[in-house]
Amino acid sequence: MFDETATPVEAAVSTASAAPETKRSTVIPVLGAGRSGTSAITRGLEALGVDLGHNLRSGSGKNPTGFFEDNDVLAISKQLKRALDIRGHSVRLLDDAEFETPRIKQIQAQAIKTLGQRFGDTPLWGYKYSRTLRTMPFWAGIHDALNLDVRYLIALRNPMSVARSRGKINPQRGRQVWSDMEWLVNVVPYFHRLAGRPCAVVDFDRLMADPRGQLLRVARDLDLPVGPAEQAGIDEYAEQFLVQGKPSTRFSRDDLIADPWVNRWTAEGYALLDEVAADDLSLDSPAFVERWAGVEAGVRDLGPFLAEFDHLRTTRVRAGWNPASPIREMQQVWRDLKAK
């Protein structure tokens, strides 16, 4: 019998806990800013024996080889974005309290139920959605409710390449300044929530140059077994899958630092993670922790600017789509003139 006063999440947790106790399921969420190679590295997880499910989003123009996103996870993410009133291009910082509203908790409870039913008996599975890290309090609640062994995989790519890749799809969002803002809000604010969990960082350019070596790094850092089946999967991934999509742009850390249009905190955040991807630094080293704290502080200071940027863009979009908006703007100008 269930407690009638329980919240939706508590009820979902109670239902999930009612099953006989079994070995914990391991989940590997793939994190990273959009256009950072998240799809390619998620397919690499499949080569390592990680179950991505059998309900994947089909490939399309911007990702012809596939997105490797589970459609249920995608549907949950879309509901979450609507409830938080954010879109892919939104750059305002999110507040922890926004994840505690009844609407968010209702979506979270349904997600716990859906993912528990889909993957509860799966020993090793993973999922990818590019804004998972941006909304980590929501997903961490699901992980906790399902008592999952969580290990993270971060897809990294030079922000200059990210901007150019995004610009091919949306020239406005591909402007370096805008793209850098998206990078920051999708990577930095909740990065601290990964602390204490196994985590692998993979750079896209290194993955393309040495897919076997990079997947073996992932297996090492996430403590995944590599037997004959996984080795065969790695070979197939390196020889058949990646050959279709060589990156068209490559930039170094020095290129990033030298470009005056690149945001300072984006450059510093990427450089730190790139050192981890190169095995020159670890996420728990004092040097990384201290320097990353500076990046986090810098992004927090940008909070009012990011919120204002979102507000102005939303106002502009609404004006562009509402035929009455120009008239109202002229009326306001006339009122302002008369008031002088």
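Note: the structure precedes this text.
Small disclaimer: the values here were computed from a predicted structure and weren't measured.

A. Summary view of empty space enclosed by the protein. One pass over the full model with this rule turns up two cavities of 30 Å³ or more. Its volume calculated, the largest cavity comes out at about 40 Å³. In terms of lining residues, the largest cavity is bounded by L93, L94, L133, R134, V185, P189 and Y190. A class-by-class count of the residues in the lining of the largest cavity yields six nonpolar, no polar and one charged. Estimated volume of the second largest cavity: approximately 30 Å³. In terms of lining, the second largest cavity is formed by S77, L80, K81, L84, I86, Y129, R131 and T135. Counted by class, the lining of the second largest cavity contains four nonpolar, two polar and two charged residues.

B. The arrangement of the pattern of salt bridges in detail. Summed over all chains, the structure comprises 24 salt bridges. Ionic pairing is found between R43 and E236, a salt bridge with its closest N-O pair at 2.6 Å. Within this pair, whereas R43 is found in helix α2 (residues 38–47), its partner E236 is found in helix α10 (residues 228–241), the two being separated by 193 residues in sequence. Judged by relative accessible area, which is 12%, R43 ranks as buried. Here R166 and E182 are joined by a salt bridge, their closest N and O atoms 3.6 Å apart. Linking R166 in helix α6 (residues 159–167) with E182 in helix α7 (residues 176–187), this pair joins segments that are 16 residues apart in sequence.

C. Main features of unusual backbone geometry. For D85, which is not glycine, the phi torsion reads 60 degrees and is therefore positive. With respect to the helices and strands, the residue D85 is situated in the loop between α3 (71–84) and α4 (102–119). Phi at D279 is positive, roughly 65 degrees, even though this residue is not glycine. Relative to the elements of secondary structure, D279 occurs in the loop between α12 (264–277) and α13 (286–301).

D. Local environment of α10. An ideal rise of 1.5 Å per residue puts 20 Å on 14 residues; α10 measures up with 19 Å between its terminal C-alpha atoms. Close packing links the buried residues of α10 with α2, α8 (204–209) and α9 (211–221).

E. Up close: the packing of α7 against α12. Following both chains from N to C, one finds α7 and α12 inclined at 55 degrees, their axes separated by 9 Å at the closest point. Classified by the interaxial angle, the pair formed by α7 and α12 is oblique. When you trace α7 past α12, the crossing you get is left-handed. Between α7 and α12, the contacting residues are D180, W183, L184 and V187 on the first element and W265, T266, G269, Y270 and L273 on the second. Partitioned by chemical class, the residues of the contact of α7 with α12 number six nonpolar, two polar and one charged.

F. Structural view of the packing of aromatic side chains. Throughout the structure, instances matching the rule amount to twelve aromatic pairs. Look at W125 and Y127: their rings are 6.0 Å apart centre to centre, the planes differ by 35 degrees, and that puts the pair in the tilted class. Across the pair, exposure class does not vary: W125 and Y127 are buried alike. One aromatic cluster in this structure is built from F119, W125, Y127, F138 and W139. Of note, R43 hangs over the ring of F241, and the distance from its end group to the ring centre comes to 5.2 Å. Taking the ring centre of F67 as reference, the NZ or CZ of R57 above it sits at 3.6 Å.

G. Representation of the environment of L194. Following the sequence through the fold, L194 ends up in the loop between α7 and β5 (199–203). Overall, the relative accessible area of 5% leaves L194 in the buried class. Residues L194 and A140, spaced 54 residues apart in sequence, show a C-alpha to C-alpha distance of 9.6 Å. Apart from residues no more than four positions distant in its own chain, L194 is found in contact with L31, L133, M136, Y152, I154 and C199.

H. Structural view of the nonpolar core. The biggest cluster of nonpolar side chains holds 55 residues, and the ones touching the most others in it are M136, F138, W139, W183 and L194. Element by element, the count of residues in this core is highest for α12, at seven residues. Of all hydrophobic cores here, the second largest spans 27 residues; its members include A47, A200, L215 and V218.

I. A look at the side chain of E230. In this fold, E230 is placed in helix α10. Buried and unpaired, E230 has no salt bridge, with R151 as the nearest side chain of opposite charge at 12 Å. Discounting chain neighbours no more than four positions away, the residues touching E230 are A47, L48, G49 and P225.

J. Summary view of the side chain of K81. As for its placement among the helices and strands, K81 is situated in helix α3. Aside from chain neighbours lying at most four places away, what touches K81 is I86, G88, Y129 and R131.

K. Quick look at the environment of G34. Relative to the elements of secondary structure, G34 occurs in the loop between β1 (26–31) and α2. You can call G34 buried: its relative accessible area is 18%. Spatially, the C-alpha atoms of G34 and G88 are 9.0 Å apart, while their sequence positions differ by 54 residues. For G34, the contacting residues outside a window of four places in its chain are S130, V162 and R166.

Criteria and thresholds
- Residues numbered from 1 in each chain as written.
- Predicted model: local features only at pLDDT ≥ 70, side-chain atom pairs only at ≥ 80, totals over all residues.
- Heavy atoms only, no water.
- 1 Å grid on protein atoms, 1.4 Å probe; cavity = no way out; pocket = protein on both sides within 12 Å on 5 of 7 lines; lining within 4 Å.
- Points joined across faces, edges and corners; volume = space filled by probe spheres on them.
- Nonpolar A, V, L, I, M, F, W, Y, C, P; charged D, E, K, R; others polar.
- Salt bridge = Lys/Arg side-chain N within 4 Å of Asp/Glu carboxyl O.
- Helix = DSSP H or I, 4+ residues; strand = E, 2+ residues; numbered from the N terminus.
- Buried < 20%, exposed > 50% of the residue type's maximum accessible area, 1.4 Å probe, protein only.
- Expected span 1.5 Å × (residues − 1).
- Contact = heavy atoms within 4.5 Å.
- Axes fitted to C-alpha atoms, helices over the stretch in contact; angles between N-to-C directions.
- Parallel < 35°, antiparallel > 145°, perpendicular 65-115°, else oblique.
- Left-handed = near helix turned anticlockwise from the far one by under 90°.
- Phe/Tyr/Trp six-rings, centres within 6.5 Å; stacked < 30°, edge-to-face > 60°.
- Lys NZ or Arg CZ within 6 Å of the ring centre and 35° of its normal.
- Core = buried A, V, L, I, M, F, W, Y, C linked by side-chain atoms within 4.5 Å.
- Lys, Arg positive; Asp, Glu negative; His and termini not counted.

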